Structures are given as C-alpha cells and as structure tokens.
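# Notes for the structure review
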Amino acid sequence: MCRQEGCFCFALIKEIIKDVFVCLIRESGEKMKKFINSPGMLETDTNRGLQLAYPKILRQLPGCNIMVRQNLKTDRVALVFGCGSGHEPAPNGYVGHGMLDAGVPGRIFSSPTPDKILKGIKEVQTGAGVLCIIVNYTGDVLNFRMAMEMAQMEGIAAESVIVADDVATQKSKAMGQRGLAGVVLIMKIAGAAAEMGTDLYGVKEVAEWAISGLRTVGVACRPCIIPSDGQPSFELGETEMEIGMGLHGEPGVMRCEMMSARDTARQMLDLILLDCNYVNSEVVVLINGLGGTPIMELYVVNEFVHEYLNQQGIIVYDTMIGNFMTSMEMGGFSISLMRVDPQLKALYDAGAVTPIIRR
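Notes on the structure in this doc start here. Not measured: the values here are computed from a predicted model. (Residues numbered from 1 in each chain as written. Predicted model: local features only at pLDDT ≥ 70, side-chain atom pairs only at ≥ 80, totals over all residues. Heavy atoms only, no water.)

## Describing the overall build of the chain
For the chain, the count of helices and strands is nine helices and 16 strands. Out of the 359 residues in the chain, the part that is buried amounts to 53%. In the chain, of all internal contacts separated by at least 6 residues, the share reaching a separation of at least 24 is 72%. Carbon and sulfur atoms make up 54% of the accessible area of the chain, which totals about 16,000 Å². (Helix = DSSP H or I, 4+ residues; strand = E, 2+ residues; numbered from the N terminus. Buried < 20%, exposed > 50% of the residue type's maximum accessible area, 1.4 Å probe, protein only. Contact = heavy atoms within 4.5 Å. Areas by Shrake-Rupley, 256 points an atom, 1.4 Å probe, with all protein chains shown as cover.)

Structure (structure tokens):
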C-alpha cells in the first residue's frame, strides 16, 4: 500500500470515529464516552425518542424539535417555554396537561431561535393568549422578546414572565440574576392556573407572585463534556467544588475543597436565606440533580435541608427530588425554595400529566 493510500484510509477512519458513541478527544488524550449516534444529530434523536415514549402526551411538529401537547384546549391560556438542549428533561419533558402547551429546545446550551419560538407560539395560540416563560439569560430574553413582537404583529396576545432565581449571580451584571431549576415550579404554578381557566393577565400575575418567593443556588464538582467539541464545560481540580456555578459552567461565588453534604447544603441555604426571608413561611423544596449526581446523594442532601430549615423556623410544605433541569452529565445539584400560600399550594397540588410531572 502506498503512502497516499495510507493517508486516505487514515482520514476515512477519522471520519467514521466521529459518528460512533465513543469519541477520542483532541490532543489531550481525554476520552468522551457517550451513547450517541452523531453529535450533529443528538438533539433530533433525543426528541424523537422522547415523543415515541409518550405519544399520548406529546406531538412533535414536522421538521423540528418543538413539542406541543396532544389535545390542545381552545379556551386555555397557552404556555410556551424554551431553553437550550442539554438540560433535559427541560423543556419538552414538561409539555402536557397542567403545564406547558409547547416546548421549544435550542441547540445544546444555546437559546432557541426567534423563528422556532414563534412557530411554537403560533401552533398553540388561541383567543385566550400565550404566556412565555423565560429563564434570565441574554439569548433567551432577546430571542423570546423578538418572537413575541412578531406574534403580536400577527394579532396574537403574548405576555411573558422572567425567572431569575439564582441568588449566586452578581446583581451588578446587566442581565441580573440567572434562571435555574426553579423555573420548573413556575411552569407548574402557571400551568395549573391556565388549566383552571384563569385569563392571560391572571396567569401572569400568579406566576410573578410565585417568582417573587423563589430562590435557587447550585453547586458543581465535575463538568460535562460538550459533544460537538468534546471539551469540558469548565475546569475544576480533582478535589474541588464550586458553589453558585451556573447551568452552563458560569462562575460561582466560592471555589473550595470538597465538603460533606451537610456543609455544602448549609453554605447553599445560607446564601438563599440571606437573599430572601422565609422565616415562619411554608416552602416547597426542589433538589435538582445536574445529571451526574446519584439520587442517593440528593436524598442525603435533603435530610439536612429539612433539618436546617426546621431549625430556622421554615415549614416544608412539600419536596421534589430528582433530575428536573440537568447539564448533561455535570456533577452537582441545586436547591430551590419557593414560598407558598393557600393559593399557590392549590395550584402546586393541581393535577398534571407530562412525561416528568404526573399528579
């Protein structure tokens, strides 16, 4: 075999390797092991698999990854939420009765584009109007606002609420606090209000009321690997963790040596309680895994969360534990507290049938 033929074979082998589930990563020698077919088809394959698993709940729009609920109600305020892929089960895992009418995913860790958001809005809009739920990232806010303006130009009543529950974000930044996993609770509250027949401004008002008592903080100890380039989303030492880190690896407020679950949760809860006074209040607790932390460890965290909140005079009304908004296989978790009153408790307890939330 000549040298030229050898080069050709080597190049062909390199191309094949890109499309198998074990990819060798760049010069570093690190390995990315993922059960995927191709990085370029990951979002498409993910959503097709989701729709096939829940055909009674979800309907996928042709030619895209937007999901809408089956059996749309014509007299109900429609809820639309979108975020980057890689945060599964968000957004499409929350489409269904009692929650979202449409989920609009973007590329991995990228906000959905205005044209896709508009497509979702138009598909589910009724005379009752559309409420867009937006997490507070620059791209999400700008793209949703652009889509809403286009929808309004077509005569669609569209309003929005912005979820900015991350207490660790520097408030001096232009965009303010980031949106984290607490948005799942807002989707539940707003979806229940819409299902009960509340009008557009009423749904927006109750969602904003829930947002006002919602706070979240996260922690990470391992990065995820972005399939398109095979690189870690951030770097941490083998024995390090970072409190306050964002869903995409944005910097937090404290990098330190790994601590016990109790000490980590204490630091996180103290940040939340410094930002919002929950004393003598009832709260829903949401402990969200980021994708690479076993549920066992989340239960360990929850045991201390209940103990510490009780010591602070804060009553836990209910607890949600699981992977609700992930960062692929990132190691870590977040803690959210949402203050509830009788109205919010009724909405939180209302029925829902989605791939993830079923009551």
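## Observations regarding the side chain of Thr264
Here Thr264 is to be found in helix H7 (residues 261–275). Leave out the neighbours within four places in its chain, and Thr264 touches Val219, Met241, Met259 and Phe333.

## With respect to the packing of aromatic side chains
Enumeration over the complete set of coordinates arrives at two aromatic pairs. Centroid distance Phe304 to Tyr308: 5.4 Å. Interplanar angle 20 degrees. Geometry classified as stacked. Taken together, the residues span about one helical turn, with Phe304 and Tyr308 both in helix H8 (residues 295–311) at a distance of four residues. The residues Phe304 and Tyr308 share a single accessibility class, namely buried. Both rings, one in Tyr317 and one in Tyr348, keep their centres 6.4 Å apart while their planes meet at 70 degrees; by these two values the pair is edge-to-face. Separated by 31 residues along the polypeptide, Tyr317 in strand S15 (residues 315–322) and Tyr348 in helix H9 (residues 342–349) bring together distant segments of the chain. For Tyr317, a relative accessible area of 28% puts it in the partly exposed group. In this arrangement the basic side chain of Arg359 is found over the ring face of Tyr348, its NZ or CZ atom lying 4.4 Å from the centre. (Phe/Tyr/Trp six-rings, centres within 6.5 Å; stacked < 30°, edge-to-face > 60°. Lys NZ or Arg CZ within 6 Å of the ring centre and 35° of its normal.)

## With respect to the sheet that holds strand S12 (residues 240–243)
Pairing is mixed across the open sheet formed by six strands, whose spatial order is S13-S12-S9-S16-S14-S15. This sheet does not close on itself; its edge strands, each paired only once, are strand S13 (254–257) and S15. With strand direction ignored, the average angle separating the axes of adjacent strands in the sheet is 15 degrees. In terms of strand pairing, strand S9 (residues 214–222) meets strand S16 (residues 331–340) through eight bridges, oriented antiparallel. Within the sheet, the bridge partner assigned to Arg222 lies in S16 and is Gly331. In this fold helix H6 (residues 200–212) packs onto S9 and S16, with an angle of close to 60 degrees to the strand it touches most, S9. (Pairing = 2+ DSSP bridges. Axes fitted to C-alpha atoms, helices over the stretch in contact; angles between N-to-C directions.)

## Points about the packing of helix H5 (residues 183–195) against H9
The interhelical angle for the contact between H5 and H9, taken along N-to-C directions, is 90 degrees, at an axis separation of 8 Å. Taken together, the axes of H5 and H9 lie roughly perpendicular to each other. Of the residues in H9, those touching H5 at Leu185, Lys188, Ile189, Ala192 and Ala193 are Leu344, Leu347 and Tyr348. Its residues assigned to classes, the contact of H5 with H9 shows seven nonpolar, no polar and one charged. (Parallel < 35°, antiparallel > 145°, perpendicular 65-115°, else oblique. Nonpolar A, V, L, I, M, F, W, Y, C, P; charged D, E, K, R; others polar.)

## Side note on the nonpolar core
Of all hydrophobic cores here, the largest spans 65 residues; its most connected members are Leu79, Phe81, Tyr94, Ile133, Val183, Met187 and Met338. In terms of residue count, H5 provides more of this core than any other element does, 10 residues in total. If sequence neighbours within four positions are ignored, Val183 has contacts with Phe81, Ile133, Val135, Val163, Asp165 and Met325. (Core = buried A, V, L, I, M, F, W, Y, C linked by side-chain atoms within 4.5 Å.)

## Details of the sheet that holds strand S8 (residues 158–163)
The strand order across the open sheet built from six strands is S3-S4-S6-S5-S7-S8, with neighbouring strands paired in mixed fashion. Looking at which strands have only one partner, the edges of the open sheet turn out to be strand S3 (58–60) and S8. With strand direction ignored, the average angle separating the axes of adjacent strands in the sheet is 25 degrees. Summarising the sheet, S3 and strand S4 (residues 67–69) pair through three bridges and their orientation is antiparallel. Opposite Arg59, over in S4, you have Val68 as the bridge partner. Sitting on the sheet, H6 touches strand S5 (78–85), strand S7 (130–135) and S8, and the angle it makes with S8 is about 5 degrees.

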